[in-house]
Amino acid sequence: MAEQPSGAANAGYRFVQPDDGEVHVVENGRPGAPALLLLSNAAAPPACWDPVVPLLADAHRVIRVDLLRHERGASPLGGYDVAAQARRVAAALDGHGVGRVTVVGHSSGCTVATALAEQRPDAVAALALIDMGPGLDAKVPERLLVRLLLTRFPGRLLWSLRTEATIRKAARTGFTRPVDLPDAWIEHVRGMTHRDFVGAMRAPLAYLGQRSLPDRLTGLGLPVLVVFGTEDQRWRSSSAADYRVVPGARVELLPGVGHTPMMEDPRTTGRLLLEFAAAAERPG
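Cut-offs applied
Residues numbered from 1 in each chain as written. Predicted model: local features only at pLDDT ≥ 70, side-chain atom pairs only at ≥ 80, totals over all residues. Heavy atoms only, no water. Helix = DSSP H or I, 4+ residues; strand = E, 2+ residues; numbered from the N terminus. Buried < 20%, exposed > 50% of the residue type's maximum accessible area, 1.4 Å probe, protein only. Patch = residues over 30% accessible without salt bridge, like charges linked within 9 Å, V, L, I, M, F, W, Y side chains within 5 Å. Areas by Shrake-Rupley, 256 points an atom, 1.4 Å probe, with all protein chains shown as cover. Salt bridge = Lys/Arg side-chain N within 4 Å of Asp/Glu carboxyl O. Phe/Tyr/Trp six-rings, centres within 6.5 Å; stacked < 30°, edge-to-face > 60°. Lys NZ or Arg CZ within 6 Å of the ring centre and 35° of its normal. Contact = heavy atoms within 4.5 Å. Pairing = 2+ DSSP bridges. 1 Å grid on protein atoms, 1.4 Å probe; cavity = no way out; pocket = protein on both sides within 12 Å on 5 of 7 lines; lining within 4 Å. Points joined across faces, edges and corners; volume = space filled by probe spheres on them. Nonpolar A, V, L, I, M, F, W, Y, C, P; charged D, E, K, R; others polar.

Colleague: Describe the environment of Pro 31, listing the residues and the values that go with them.
Modeller: Relative to the elements of secondary structure, Pro 31 occurs in the loop between strand S2 (23-29) and strand S3 (35-39). In this structure the C-alpha to C-alpha distance between Pro 31 and Ala 57, which are 26 residues apart in sequence, comes to 9.9 Å.

Right, here's the structure in full:
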């Protein structure tokens, strides 16, 4: 049993072992309650959800999956592509006896959430997507340092030289409002290999390059909530309007909020997720 993070009462930590490697799972809330699955950007730890978990856990079984954290520190055997990540999430849900679940994705976690719904329509009741552009044209160009990190050289060298200070600096574009970056974030990034980082960054872009999220969502016929911070520095918030082509999609813009609403405005974000999940769980 790992140490419990602050702000996430009654947390349970487990590794489950799908066919292609171990997956780290965190649970909060009531075991018999409707399930909420929270999927973050692979470069962010499950702790990024801590500010909203207490709001969600009273009425839900809250499940978080860390696809890059492995008990023996190995990279995922099934690869980094989004479809493989979704299969690992599905195996984790099966291993935990989860039937139907409302899935909430943040940033690139939205691509895994969507792929999971494509692969397992029987298991996904609804999708909430937080600050993920609908297509590649919505991406704000990466800074030079990130572009260099994605190269073989000098990327590997730069990655080996990362420090707490450089990690905190790199994370700044993820927030507009003042946020105290948890130590778990630093530990998560320090535990990632360069291969992990490159795989986590490139996989969602490849997935979007095949088909946009609105195009994929339209074919799924699921309830969809899109939440976007108007001051997002990584994806253009104006692109949130593109999701309105999805039948019945609800789009919510949060003024003055950046790329990470669950940390910058957890009260509003938690309320929106609770309302959405309650509607999805309602019979009929």
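Once the structure has been displayed, the description carries forward.
Colleague: Give a detailed account of unusual backbone geometry, specifying residues and quantitative values.
Modeller: That bond from Phe 153 to Pro 154 is cis: its omega, 15 degrees, falls within 30 degrees of zero. Within the secondary structure layout, Pro 154 lies in the loop between helix H4 (144-149) and helix H5 (155-160). In the Ramachandran plot, Ser 107 falls in the positive-phi region, its phi being about 55 degrees despite a non-glycine side chain. For Ser 107, the location among the structural elements is in the loop between strand S5 (101-106) and helix H3 (109-119). By relative accessible area, which is 5% here, Ser 107 ends up buried.

Colleague: Outline a nonpolar patch on the surface, supporting the account with residue identities and numerical values.
Modeller: Together, Phe 153, Leu 157 and Leu 161 give the surface a local cluster of nonpolar side chains, amounting to about 350 Å² of exposed area. Within the secondary structure layout, Leu 161 lies in the loop between H5 and helix H6 (164-170).

Colleague: Please set out the packing of aromatic side chains residue by residue, giving values where relevant.
Modeller: Taken as a whole and judged by the stated rule, the model has two aromatic pairs. Here the guanidinium or amino end of Lys 139 rests over the ring plane of Trp 235, the centre of that ring lying 5.2 Å away. Here Arg 216 stacks its cationic end above the ring of Tyr 207, 3.7 Å away from the centre of that ring.

Colleague: Explain the environment of Val 246 to me, and be specific about the residues and the numbers.
Modeller: Its place among the elements puts Val 246 in the loop between strand S7 (224-229) and strand S8 (250-254). With relative accessibility at 2%, the residue Val 246 sits in the buried group. It is 8.5 Å that separates the C-alpha atoms of Val 246 and Gly 221, two residues lying 25 residues apart in sequence. Discounting residues that sit within four places of it in the chain, Val 246 has contacts with Pro 214, Leu 217, Thr 218 and Val 224.

Colleague: Explain the pairing of strand S6 (residues 124-130) residue by residue, including any values.
Modeller: Taken across its seven residues, S6 has seven buried, putting it largely inside the fold. With six bridges connecting them, S5 and S6 associate as parallel partners. The residue bridging Gly 105 from the neighbouring strand is Leu 129, located in S6. In this structure, S6 lies alongside S7, joined through four bridges in parallel fashion. Bridging from a neighbouring strand, Ile 130 pairs with Val 227 of S7.

Colleague: Pulling in residues and values, what's your account of empty space enclosed by the protein?
Modeller: Per the stated rule, a full pass over the model turns up one cavity of 30 Å³ or more. What the largest cavity holds in volume is close to 130 Å³. As for the largest cavity, its lining consists of 16 residues, and the residues nearest its centre are Ser 40, Asn 41, Ala 42, Leu 67 and Gln 85. The set of elements that each furnish at least two residues to the lining of the largest cavity consists of strand S4 (61-66), H3 and helix H8 (194-210). Counting residues per element, the lining of the largest cavity draws most heavily on H3, which supplies three residues. Residues that form the lining of the largest cavity fall into these classes: nine nonpolar, six polar and one charged.

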